[in-house]
Amino acid sequence: MAVLDQLTSQQAIDLENKYGAHNYHPLPVVLAKGEGVYVWDVEGKKYYDFLSAYSAVNQGHCHPKIVGAMTQQAQTLTLTSRAFYNDILGKFEKFACEFFGFDKLLPMNTGAEAVETALKICRKWAYEVKGIDENEAEIIVCENNFHGRTTTIISFSNDSVARKNFGPYTKGFIKIEYDNLEALEITLKNNPNVAGFLVEPIQGEAGVYVPSDDYLIKAKALCEKYNVLFIADEVQTGIARTGRLLASCGNCSCEHKNCSTAPEVKPDILILGKAISGGVYPVSAVLANNGIMNVIKPGNHGSTFGGNPVAAAVAMAALEVVRDENLAENAQVLGELFRGEMSKYIETSNIVNLVRGKGLLNAIVIDDDEDSDKAWNICLALRDNGLLAKPTHGNIIRFAPPLVMNEEQMLDCVDIITKTLKSFEE
Ligand code: PLP
């Protein structure tokens, strides 16, 4: 078989199964093309994409402006490493700093690397600015977090599948309940060596858990009170996904008129990934002000590909698309429509308990236990009906389409979803 031969779906699946490590359990569908809110499989069947590569493709598949920026830059200069300056990284850093309201940016490639970067910055700040004794710094994290897959990050996960047999684990983390301000305050009070609080503004992988309205604002105030850095992991929630540029909504350039809650929650350290490139290229970034970021000196941290010219060009174009196409506002409006329509369906449904989410990061909870395969079977039926989604857990299905969707398409999707769900009702 020549490399470029057109494969059937089954052939492609067999190849991955035989030659690829089995570290994922994909829905059996083999995609060959994407455009906007749609993807096509190798047999030419068209689907609505309701996962958006875990919220990386917020700007829609193969956005021409982003692909154009990548193509142009790829033909000019792709990689110099940070051994030399390049003529586009600084432009991207300035653009992104002004876009999100921070002094400095540290570019990386993947979300997990950006989280690792934030943890390192936080620890170094703890020793050099806060004055914690060497090797004593602690970082508070939340139960059921998802921050990526590195050894340190899984050390503070409570997902047994992600952790088991990957020890010994990295020390220096204290886990508390999510959305529990009392637990945060007690932990801060009892542990003077706490340097940071790492939190997802909405817990995406855990099943789209939206905390109480005042959680982030009060958590940030507690962090200020105890001189602890508030670190927002917006890898999944950021870049317009939840109806605002950032779910924690800092002092950013977002002018979204429904931005009613917590405009003053500006993270001390902001972690971005996924949609910062529109899903076109692996780009991630950590942003902070000088008082924090300046602890990083040459040799402390880096990555061969982090901040390469293609990444910089792609990320600038991707952020421009978010701004120019009002994607935060669209996510807000369509998210309300989606949850409104799903709530109407749930009133008479005997298999869906609830819908929750913000903007276009939503989930439905199926009336079954965590270990059931009902959500998986519903996703197979959704696929057959032309819509791709995936359970986050046995009984939770996340719905996160590209933010370039229009109202007509959303209503069409609601129709597909509700008809599919109805076919599972007893
Ligand atoms: N942080 C959050 C909140 C995420 O949702 C993810 C990925 O889903 C990550 C970090 C890790 O990103 P990556 O898979 O690019 O390493």
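Predicted, not measured: the structure shown is a model, and the values here were computed from it.

A. Structural context of the side chain of Lys 266. Looking at the element boundaries, Lys 266 is found in the loop between strand 8 (229-233) and strand 9 (269-272). For the buried Lys 266, no salt bridge is present, and the opposite-charge side chain at shortest range is Asp 103, 6.5 Å distant. Reaching out from Lys 266, the side chain makes a polar contact with the backbone oxygen of Gly 101 at a distance of 2.3 Å.

B. Representation of the sheet that holds strand 8. On the basis of which strands lie adjacent, the open sheet formed by seven strands has the order 4-10-9-8-7-5-6 and mixed pairing. If you trace the sheet from one side to the other, it starts and ends with strand 4 (104-108) and strand 6 (173-176), each paired once. Neighbouring strand axes in the sheet, compared pairwise and without regard to direction, differ in orientation by 20° on average. Direction of pairing for strand 5 (residues 138-142) relative to strand 6: parallel, over a ladder of four bridges. Among the inter-strand pairings, Cys 142 is bridged to a residue of strand 6, identified as Ile 176. Contacts from helix 4 (residues 89-100) reach strand 4, strand 9 and strand 10 (284-288) within the one sheet, and its direction differs from that of strand 4 by about 120°.

C. How the structure looks around the pattern of salt bridges. If you walk through the whole model with that rule in mind, you get 14 salt bridges. Between Lys 218 and Asp 214 there is a salt bridge whose closest N-O contact spans 2.8 Å. When its relative accessible area of 30% is taken as the criterion, Asp 214 is described as partly exposed. One network of salt bridges, with partners in common, ties together Lys 65, Glu 320, Arg 323 and Asp 324.

D. Representation of the site of the ligand. Taken together, Thr 110, Gly 111, Ala 112, Phe 146, His 147, Gly 148, Glu 200, Glu 205, Asp 233, Val 235, Gln 236 and Lys 274 make up the full set of residues near the ligand. A distance of 2.7 Å is found between a nitrogen atom of the ligand and a side-chain nitrogen or oxygen belonging to Asp 233. Calculation on the ligand without its partners gives an accessible area of 390 Å², and the protein chains cover 81% of this total. The residue inventory of the shell around the ligand, partitioned by class, reads three nonpolar, five polar and four charged.

E. Up close: helix 14 (residues 407-422). For helix 14, spanning 16 residues, the distance from its first C-alpha to its last is 22 Å, which sits close to the expected 22 Å at 1.5 Å a residue. Those residues of helix 14 not exposed but buried are Gln 409, Met 410, Cys 413, Val 414, Ile 416, Ile 417, Thr 418, Thr 420 and Leu 421. Put simply, Asn 406 is the residue that caps the front of helix 14, since its side-chain oxygen is 3.2 Å from the backbone nitrogen of Glu 408.

F. Spotlight on the sheet that holds strand 3 (residues 46-49). Spatially, four strands are ordered 1-2-3-13 in an open sheet, and the strand pairing comes out mixed. A single partner strand is all that each edge strand has here, and the edge strands are strand 1 (31-35) and strand 13 (387-388). Here strand 1 runs beside strand 2 (residues 38-41); their pairing, made up of four bridges, is antiparallel. Note that in strand 2 the partner of Glu 35 across the bridge is Tyr 38. Running at roughly 100° to strand 3, helix 14 makes contact with strand 2, strand 3 and strand 13 of the sheet.

Definitions and limits used
- Residues numbered from 1 in each chain as written.
- Predicted model: local features only at pLDDT ≥ 70, side-chain atom pairs only at ≥ 80, totals over all residues.
- Heavy atoms only, no water.
- Helix = DSSP H or I, 4+ residues; strand = E, 2+ residues; numbered from the N terminus.
- Buried < 20%, exposed > 50% of the residue type's maximum accessible area, 1.4 Å probe, protein only.
- Lys, Arg positive; Asp, Glu negative; His and termini not counted.
- Salt bridge = Lys/Arg side-chain N within 4 Å of Asp/Glu carboxyl O.
- Polar contact = N/O pair within 3.5 Å; in protein donor to acceptor, adjacent residues only side chain to side chain.
- Pairing = 2+ DSSP bridges.
- Axes fitted to C-alpha atoms, helices over the stretch in contact; angles between N-to-C directions.
- Contact = heavy atoms within 4.5 Å.
- Near = heavy atom within 4 Å.
- Areas by Shrake-Rupley, 256 points an atom, 1.4 Å probe, with all protein chains shown as cover.
- Nonpolar A, V, L, I, M, F, W, Y, C, P; charged D, E, K, R; others polar.
- Expected span 1.5 Å × (residues − 1).

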